[in-house]
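# Results of the structural survey
Read off the chains here:
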Amino acid sequence: MKKFFVVVITITLVFAALIYFVFTYGTEWLSGVVADVIPYEVEKSLGASTLESMDAQSFEHSSLPVFTQNKIKNQFYKIFQKDSNDVHLLFRNASYPNAFALPGNYIVILDSLVKMSEDTLHYADVMGVLAHEAGHLHYKHSLKLMIKAGLTGAIVGYFIGDFSSFVATVTHQLLSLSYSRNYEEQADDFAINVLYQSQISTKPLAHLLQKISQLNNESEIPEFLSTHPVTEERIKKLEGR
(Lines give C-alpha, C1' and ligand atoms only; values in the text may rest on other atoms or scores of the structure.)
Protein backbone atom coordinates (compact mmCIF):
# COMPACT_ATOMS: atom_id res chain seq x y z
CA MET A 1 0.00 0.00 0.00
CA LYS A 2 2.84 2.36 0.86
CA LYS A 3 4.47 1.72 -2.51
CA PHE A 4 1.14 2.40 -4.20
CA PHE A 5 0.87 5.84 -2.58
CA VAL A 6 4.47 6.57 -3.50
CA VAL A 7 3.72 5.70 -7.13
CA VAL A 8 0.55 7.83 -7.13
CA ILE A 9 2.34 10.82 -5.60
CA THR A 10 5.23 10.42 -8.05
CA ILE A 11 2.88 10.30 -11.05
CA THR A 12 0.98 13.31 -9.72
CA LEU A 13 4.17 15.31 -9.31
CA VAL A 14 5.35 14.32 -12.80
CA PHE A 15 2.06 15.46 -14.34
CA ALA A 16 2.14 18.67 -12.30
CA ALA A 17 5.67 19.35 -13.51
CA LEU A 18 4.64 18.59 -17.09
CA ILE A 19 1.67 20.95 -16.92
CA TYR A 20 3.86 23.67 -15.41
CA PHE A 21 6.45 23.19 -18.16
CA VAL A 22 3.84 23.34 -20.92
CA PHE A 23 2.18 26.50 -19.60
CA THR A 24 5.50 28.17 -18.76
CA TYR A 25 7.45 27.34 -21.89
CA GLY A 26 5.04 25.71 -24.32
CA THR A 27 2.71 28.67 -24.73
CA GLU A 28 5.42 30.68 -26.49
CA TRP A 29 5.88 27.96 -29.10
CA LEU A 30 2.15 27.36 -29.47
CA SER A 31 1.37 31.06 -29.78
CA GLY A 32 3.96 31.31 -32.55
CA VAL A 33 2.43 28.36 -34.40
CA VAL A 34 -1.11 29.74 -34.11
CA ALA A 35 0.02 33.27 -35.08
CA ASP A 36 1.60 31.92 -38.26
CA VAL A 37 -1.54 30.09 -39.40
CA ILE A 38 -4.11 32.76 -38.60
CA PRO A 39 -5.18 34.33 -41.93
CA TYR A 40 -4.21 37.98 -42.34
CA GLU A 41 -7.86 38.93 -42.85
CA VAL A 42 -8.66 37.53 -39.40
CA GLU A 43 -5.61 39.23 -37.88
CA LYS A 44 -6.65 42.57 -39.39
CA SER A 45 -10.21 42.10 -38.14
CA LEU A 46 -8.87 41.36 -34.67
CA GLY A 47 -6.76 44.52 -34.67
CA ALA A 48 -9.65 46.65 -35.93
CA SER A 49 -12.02 45.22 -33.30
CA THR A 50 -9.47 45.85 -30.56
CA LEU A 51 -8.93 49.44 -31.69
CA GLU A 52 -12.67 50.06 -31.85
CA SER A 53 -13.01 48.83 -28.28
CA MET A 54 -10.11 51.00 -27.11
CA ASP A 55 -11.56 54.06 -28.84
CA ALA A 56 -14.87 53.52 -27.08
CA GLN A 57 -13.32 53.07 -23.63
CA SER A 58 -9.97 54.82 -23.42
CA PHE A 59 -9.12 57.24 -26.21
CA GLU A 60 -10.25 60.49 -27.75
CA HIS A 61 -9.57 61.88 -31.20
CA SER A 62 -6.07 63.27 -31.59
CA SER A 63 -5.65 66.95 -30.83
CA LEU A 64 -2.36 67.21 -32.71
CA PRO A 65 -2.38 69.56 -35.70
CA VAL A 66 -2.94 67.74 -38.98
CA PHE A 67 0.37 69.21 -40.16
CA THR A 68 2.22 67.47 -37.31
CA GLN A 69 0.46 64.16 -37.91
CA ASN A 70 1.25 64.26 -41.63
CA LYS A 71 4.86 65.21 -40.96
CA ILE A 72 5.33 62.21 -38.68
CA LYS A 73 3.48 59.89 -41.08
CA ASN A 74 5.53 60.99 -44.08
CA GLN A 75 8.77 60.56 -42.18
CA PHE A 76 7.69 57.13 -40.93
CA TYR A 77 6.61 55.85 -44.34
CA LYS A 78 9.79 57.20 -45.90
CA ILE A 79 11.96 55.32 -43.42
CA PHE A 80 10.12 52.05 -43.88
CA GLN A 81 9.48 52.52 -47.60
CA LYS A 82 5.83 51.66 -47.03
CA ASP A 83 2.53 53.49 -47.18
CA SER A 84 -0.78 53.57 -45.33
CA ASN A 85 -1.91 50.45 -47.20
CA ASP A 86 0.90 48.44 -45.60
CA VAL A 87 0.99 49.90 -42.08
CA HIS A 88 -1.80 51.94 -40.53
CA LEU A 89 -0.24 54.70 -38.40
CA LEU A 90 -2.92 56.24 -36.21
CA PHE A 91 -2.98 59.06 -33.65
CA ARG A 92 -5.12 59.11 -30.54
CA ASN A 93 -5.36 61.28 -27.43
CA ALA A 94 -5.08 60.20 -23.78
CA SER A 95 -3.58 61.64 -20.60
CA TYR A 96 -0.54 59.35 -20.61
CA PRO A 97 2.28 58.75 -23.13
CA ASN A 98 2.07 55.46 -24.99
CA ALA A 99 2.42 53.78 -28.34
CA PHE A 100 1.48 50.24 -29.24
CA ALA A 101 1.13 47.80 -32.10
CA LEU A 102 -2.03 45.88 -32.90
CA PRO A 103 -2.54 42.78 -35.04
CA GLY A 104 -3.23 43.60 -38.67
CA ASN A 105 -0.38 46.13 -39.00
CA TYR A 106 -1.84 48.91 -36.86
CA ILE A 107 0.44 51.24 -34.91
CA VAL A 108 -1.18 53.72 -32.52
CA ILE A 109 0.73 56.59 -30.93
CA LEU A 110 -0.78 58.89 -28.32
CA ASP A 111 -0.52 62.68 -28.38
CA SER A 112 1.15 62.81 -24.96
CA LEU A 113 4.12 60.85 -26.23
CA VAL A 114 4.53 63.02 -29.33
CA LYS A 115 4.40 66.15 -27.16
CA MET A 116 7.35 64.81 -25.15
CA SER A 117 9.55 64.90 -28.24
CA GLU A 118 12.62 67.12 -28.05
CA ASP A 119 13.01 67.15 -31.83
CA THR A 120 10.01 68.78 -33.48
CA LEU A 121 11.96 69.23 -36.71
CA HIS A 122 12.65 65.57 -37.52
CA TYR A 123 10.98 63.76 -34.60
CA ALA A 124 13.93 61.37 -34.39
CA ASP A 125 12.84 60.14 -30.95
CA VAL A 126 9.29 59.50 -32.16
CA MET A 127 10.70 57.66 -35.19
CA GLY A 128 12.59 55.47 -32.74
CA VAL A 129 9.38 54.65 -30.88
CA LEU A 130 7.58 53.87 -34.15
CA ALA A 131 10.49 51.71 -35.34
CA HIS A 132 10.26 49.80 -32.06
CA GLU A 133 6.52 49.26 -32.55
CA ALA A 134 7.16 48.19 -36.13
CA GLY A 135 9.46 45.56 -34.64
CA HIS A 136 6.59 44.25 -32.55
CA LEU A 137 4.53 44.02 -35.74
CA HIS A 138 7.33 42.27 -37.62
CA TYR A 139 7.57 39.54 -34.99
CA LYS A 140 3.79 39.45 -34.38
CA HIS A 141 4.34 40.08 -30.67
CA SER A 142 0.96 41.68 -30.00
CA LEU A 143 -0.84 38.84 -31.78
CA LYS A 144 1.16 36.27 -29.80
CA LEU A 145 0.30 38.02 -26.54
CA MET A 146 -3.38 37.95 -27.36
CA ILE A 147 -3.17 34.29 -28.35
CA LYS A 148 -1.46 33.49 -25.07
CA ALA A 149 -4.25 35.30 -23.23
CA GLY A 150 -6.86 33.16 -24.99
CA LEU A 151 -4.81 30.23 -26.24
CA THR A 152 -7.55 27.63 -26.04
CA GLY A 153 -10.05 29.85 -27.82
CA ALA A 154 -7.52 30.65 -30.55
CA ILE A 155 -6.75 26.99 -31.21
CA VAL A 156 -10.42 25.98 -31.19
CA GLY A 157 -11.25 28.93 -33.44
CA TYR A 158 -8.63 27.85 -35.94
CA PHE A 159 -9.95 24.31 -36.19
CA ILE A 160 -13.62 25.25 -36.43
CA GLY A 161 -13.00 28.33 -38.55
CA ASP A 162 -14.68 30.76 -36.13
CA PHE A 163 -12.58 33.31 -34.23
CA SER A 164 -15.52 35.36 -32.95
CA SER A 165 -15.39 33.99 -29.39
CA PHE A 166 -11.62 34.44 -29.30
CA VAL A 167 -11.93 38.07 -30.41
CA ALA A 168 -14.61 38.72 -27.80
CA THR A 169 -12.43 37.20 -25.07
CA VAL A 170 -9.15 39.01 -25.66
CA THR A 171 -10.06 42.24 -27.44
CA HIS A 172 -10.06 44.20 -24.16
CA GLN A 173 -6.83 42.73 -22.80
CA LEU A 174 -4.01 43.89 -25.06
CA LEU A 175 -3.08 47.12 -23.27
CA SER A 176 -2.80 45.30 -19.94
CA LEU A 177 -0.52 42.57 -21.32
CA SER A 178 3.17 43.26 -20.79
CA TYR A 179 5.76 42.45 -23.41
CA SER A 180 8.45 40.07 -22.20
CA ARG A 181 12.05 41.17 -21.94
CA ASN A 182 12.85 39.02 -24.97
CA TYR A 183 10.11 40.69 -27.02
CA GLU A 184 11.34 44.14 -26.07
CA GLU A 185 14.92 43.25 -26.99
CA GLN A 186 13.78 41.90 -30.36
CA ALA A 187 11.81 45.08 -31.06
CA ASP A 188 14.78 47.21 -29.96
CA ASP A 189 17.15 45.31 -32.28
CA PHE A 190 14.70 45.73 -35.14
CA ALA A 191 14.47 49.47 -34.45
CA ILE A 192 18.25 49.82 -34.18
CA ASN A 193 18.70 48.15 -37.56
CA VAL A 194 16.03 50.24 -39.29
CA LEU A 195 17.26 53.52 -37.80
CA TYR A 196 20.87 52.66 -38.65
CA GLN A 197 19.93 52.05 -42.29
CA SER A 198 18.20 55.44 -42.34
CA GLN A 199 21.18 57.11 -40.64
CA ILE A 200 19.08 58.07 -37.62
CA SER A 201 20.67 57.93 -34.17
CA THR A 202 19.01 55.78 -31.51
CA LYS A 203 20.10 58.17 -28.76
CA PRO A 204 16.94 60.33 -29.05
CA LEU A 205 14.87 57.17 -28.47
CA ALA A 206 16.99 56.31 -25.42
CA HIS A 207 16.52 59.81 -24.02
CA LEU A 208 12.77 59.67 -24.56
CA LEU A 209 12.50 56.29 -22.80
CA GLN A 210 14.57 57.65 -19.93
CA LYS A 211 12.39 60.74 -19.74
CA ILE A 212 9.25 58.60 -19.55
CA SER A 213 10.71 56.28 -16.92
CA GLN A 214 11.65 59.24 -14.71
CA LEU A 215 8.16 60.72 -14.57
CA ASN A 216 7.11 60.94 -10.95
CA ASN A 217 3.34 60.93 -11.33
CA GLU A 218 2.48 57.26 -11.76
CA SER A 219 -1.01 58.12 -12.99
CA GLU A 220 0.60 59.53 -16.13
CA ILE A 221 2.59 56.45 -17.12
CA PRO A 222 0.86 53.22 -16.11
CA GLU A 223 0.24 51.96 -19.63
CA PHE A 224 3.64 52.61 -21.17
CA LEU A 225 5.75 51.25 -18.34
CA SER A 226 3.48 48.26 -17.70
CA THR A 227 3.36 47.17 -21.34
CA HIS A 228 6.85 48.34 -22.37
CA PRO A 229 9.20 47.69 -19.43
CA VAL A 230 12.04 50.23 -19.54
CA THR A 231 15.34 48.93 -18.17
CA GLU A 232 18.76 50.52 -17.73
CA GLU A 233 20.18 47.84 -20.05
CA ARG A 234 17.82 48.85 -22.86
CA ILE A 235 18.61 52.53 -22.43
CA LYS A 236 22.38 51.94 -22.38
CA LYS A 237 22.15 49.75 -25.47
CA LEU A 238 20.30 52.47 -27.38
CA GLU A 239 22.57 55.23 -26.12
CA GLY A 240 25.58 53.32 -27.40
CA ARG A 241 24.42 53.53 -31.00
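Residues numbered from 1 in each chain as written. Predicted model: local features only at pLDDT ≥ 70, side-chain atom pairs only at ≥ 80, totals over all residues. Heavy atoms only, no water.

### Here we look at a nonpolar patch on the surface
Where nonpolar side chains cluster on the molecular surface, the patch consists of Trp29, Val33 and Val37 and spans about 300 Å² of accessible area. Examined against the element boundaries, Val33 turns out to sit in helix H1 (residues 2–37). (Patch = residues over 30% accessible without salt bridge, like charges linked within 9 Å, V, L, I, M, F, W, Y side chains within 5 Å. Areas by Shrake-Rupley, 256 points an atom, 1.4 Å probe, with all protein chains shown as cover. Salt bridge = Lys/Arg side-chain N within 4 Å of Asp/Glu carboxyl O. Helix = DSSP H or I, 4+ residues; strand = E, 2+ residues; numbered from the N terminus.)

### Describing helix H3 (residues 66–80)
Three- or four-residue spacings in an α-helix give side chains the same orientation, since the helix completes a turn every 3.6 residues. The first and last C-alpha atoms of H3 sit 21 Å apart over 15 residues, in line with the 21 Å expected at 1.5 Å per residue. Packing partners of the buried residues in H3 comprise strand S2 (88–93), strand S4 (106–110), helix H4 (111–115), helix H5 (124–138) and helix H9 (181–197). Phi turns positive, to about 50°, at Gln81, one or two residues after H3. (Expected span 1.5 Å × (residues − 1). Contact = heavy atoms within 4.5 Å.)

### Examining H5
Look at H5: 20 Å from first C-alpha to last across 15 residues, which is about the 21 Å you get at 1.5 Å a residue. Of all 15 residues making up H5, 14 are buried, and the element is well covered by its neighbours. In the stretch just after H5, Lys140 is the one whose phi turns positive, near 55°. (Buried < 20%, exposed > 50% of the residue type's maximum accessible area, 1.4 Å probe, protein only.)

### With respect to the packing of aromatic side chains
Each aromatic ring pair is specified by the distance between its two centres and by the angle formed by the two planes. By the definition in use, this model includes 4 aromatic pairs. When the ring of Phe59 is compared with that of Phe100, the centres are 5.8 Å apart and the planes differ by 25°; the resulting orientation is stacked. Remark: Phe100 occurs in strand S3 (residues 99–102) and Phe59 occurs in the loop between helix H2 (40–57) and strand S1 (60–61); sequence separation between them is 41 residues. A relative accessible area of 7% places Phe59 in the buried class. Centroid distance Phe76 to Phe80: 4.7 Å. Interplanar angle 45°. Geometry classified as tilted. With Phe76 and Phe80 both in helix H3, this residue pair falls 4 residues apart, about one helical turn. Phe76 sits in the buried class, given a relative accessible area of 1%. What makes Phe80 buried here is its relative accessible area of 14%. Aromatic rings pair up to connect Phe76, Tyr77 and Phe80 into one cluster. (Phe/Tyr/Trp six-rings, centres within 6.5 Å; stacked < 30°, edge-to-face > 60°.)

In short, shape yes, function no, at least from these values alone.
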